[in-house]
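Understanding the architecture of this molecule
Residue-level listing of the chains:
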Amino acid sequence: MDMTEKQLSARYLFEGRIMKARLDEALLPNGRTAQREVCEHVPGVGVLPIDRDGNVILVRQFRYPFDTVLLEIPAGKMDHGAEDAEECGRRELREETGCTAGRMVPLGRLYPSPGFLDEVISLYAALELTEGEMQPDEDEFVEVVRLPIAEVEEMVARDALRDAKTIAALYRARLKGLY
């Protein structure tokens, strides 16, 4: 069965620095039409830093949409001009944790919320870490948290860690035998 929908029209309702919102009319496989709300978002990168002692380095930061502080892997948007995903991951790792990675292992890509959002997040594991000075963006306030992998997995199991990219990166790193 062909489930493809075809865009008939698009109307932008909002255009910001990192995202745009549009309302589309789409032709459905059964010949009917439907409205589709789409949020266009710049691509992102998430990095799971694993130190030589088997700890994960996470960052704690306030997340405005949820009005709460979350624990998550270092991550960021690819909005600094021409930059590939691994470069972005290395930059974000350095900015948010002060670490540099001797080796970056690709963990694949994910679609955070494909029902309305076109964002793609590339995931990496950062290994062979060297510690240095944090260089956060001027509007970024983060605290570095180093935890044993087993403790982070336990936090996921008891719903104390809810960030999707962090959970996906942990799982994919486990499947690749990185810890």
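Every value quoted in this text rests on a predicted model; they were computed, and no experiment measured them.

With that settled, the discussion passes to the sheet that holds strand β6 (residues 68–72). What the 3 strands build is an open sheet, ordered β6-β5-β10; its pairing is antiparallel. The open sheet has two edge strands with one neighbour each: β6 and β10 (142–148). Recorded for the sheet is a direction-independent mean angle of 30 degrees between the axes of neighbouring strands. Summarising the sheet, strand β5 (residues 55–63) and β6 pair through 5 bridges and their orientation is antiparallel. Looking across to β6, one finds that Arg 63 is bridged to Thr 68. Together, β5, β6 and β10 form the strand contacts of helix α2 (residues 149–157), whose direction differs from that of β10 by roughly 105 degrees.

A positive phi angle, near 55 degrees, is found at Glu 128, a position not held by glycine. Its identity as a non-glycine residue notwithstanding, Asp 159 has a phi of 65 degrees, on the positive side. Within the secondary structure layout, Asp 159 lies in the loop between α2 and α3 (164–175).

Before going further, it helps to spend a moment on the side chain of Thr 97. Its place among the elements puts Thr 97 in helix α1 (residues 85–97). Assessed through its relative accessible area of 7%, Thr 97 is described here as buried. A polar contact is formed between the side chain of Thr 97 and the backbone oxygen of Leu 93, at a distance of 2.6 Å. A distance of 3.1 Å separates a polar side-chain atom of Thr 97 from the backbone nitrogen of Cys 99.

The subject of this paragraph is the nonpolar core. Nonpolar side chains tend toward joint burial in soluble globular proteins. Judged by nonpolar contacts, the single largest core of 23 residues is most densely connected at Leu 48, Val 56, Leu 58, Leu 123, Leu 147 and Val 152. Elements supplying a minimum of two residues to this core: β5, β8 (100–110), β9 (121–130), β10, α2 and α3. If you look at the next biggest cluster of nonpolar residues, it comprises 12 residues, including Val 45, Ile 57, Ala 101 and Tyr 124.

Strand order in the open sheet formed by 3 strands is β1-β2-β3, and the pairing between neighbours is antiparallel. Of all strands in the sheet, those with a lone pairing partner are β1 (6–15) and β3 (33–41), marking the two edges. In this sheet, adjacent strand axes meet at a mean angle of 25 degrees when their direction is disregarded. Sheet topology note: the β1/strand β2 (residues 19–27) ladder contains 8 bridges and is antiparallel. Bridge pairing links Tyr 12 to Arg 22 in β2.

Listing the buried residues of α2 in full gives Ile 149, Val 152 and Met 155. All buried residues of α2 project into a common sector of 120 degrees when viewed along the axis, lining one side. Residues of α2 that are exposed and point more than 90 degrees away from the buried face comprise Ala 150 and Ala 157. The inward-facing, buried residues of α2 abut β5, β6, β10 and α3. Once α2 finishes, Asp 159 follows within two positions and takes phi at roughly 65 degrees, a positive value.

The next subject is the side chain of Lys 165. Tracing the sequence through the fold places Lys 165 in helix α3. Note on Lys 165: relative accessible area 11%, which makes it buried. With residues near it in sequence (within four places) discarded, Lys 165 still touches Glu 72, Ile 73, Ala 75, Leu 110, Ile 121 and Leu 123.

Let's shift gears to the packing of aromatic side chains. Throughout the structure, instances matching the rule amount to 0 aromatic pairs. Just above the ring of Tyr 12 sits the side chain of Lys 20; from NZ or CZ to the centre is 5.7 Å.

So, how was this worked out
For every chain, the first residue of the written sequence is number 1, and numbering continues from 1 onward in sequence order. Selection of residues for local features in this predicted model requires a pLDDT of at least 70, selection of side-chain atom pairs for listing and counting requires 80 or more, and totals for whole chains, interfaces and linings are taken over all residues. Values shown for side chains rest on all heavy atoms present in the structure; no hydrogens or waters enter the calculation. When DSSP finds at least two bridges between two strands, those strands are taken to pair. Helix and strand definitions follow DSSP, with helices as H or I runs of at least four residues and strands as E runs of at least two, each counted in order from the N terminus. All axes are obtained by fitting lines to C-alpha atoms, using only the stretch in contact for helices, and the reported angles, taken between N-to-C directions, cover 0 to 180 degrees. Pairs of residues are marked as contacts when any of their non-hydrogen atoms sit within 4.5 Å. A 1.4 Å probe rolled over the protein chains alone gives each residue an accessible area, and that area as a share of the maximum for its type sets the label: buried under 20%, exposed over 50%, partly exposed in between. For the purposes of these results, a polar contact is taken to be a pair of N or O atoms within 3.5 Å, where, inside protein, one atom must be able to donate a hydrogen and its partner to accept one; residues adjacent in sequence count only when each atom of the pair is a side-chain atom. For our purposes a nonpolar core is just a set of buried Ala, Val, Leu, Ile, Met, Phe, Trp, Tyr and Cys residues, chained together by side-chain atoms within 4.5 Å. Directions are taken from the helix axis to each C-beta atom, and the arc is the one they span. Here is the rule: rings of Phe, Tyr and Trp (six-membered ring for Trp) pair when centre to centre is within 6.5 Å. Planes less than 30 degrees apart are stacked, more than 60 are edge-to-face, and the remainder are tilted. Each ring is checked for a lysine NZ or an arginine CZ that lies within 6 Å of its centre and within 35 degrees of its normal; such an atom marks a charge sitting over the ring.

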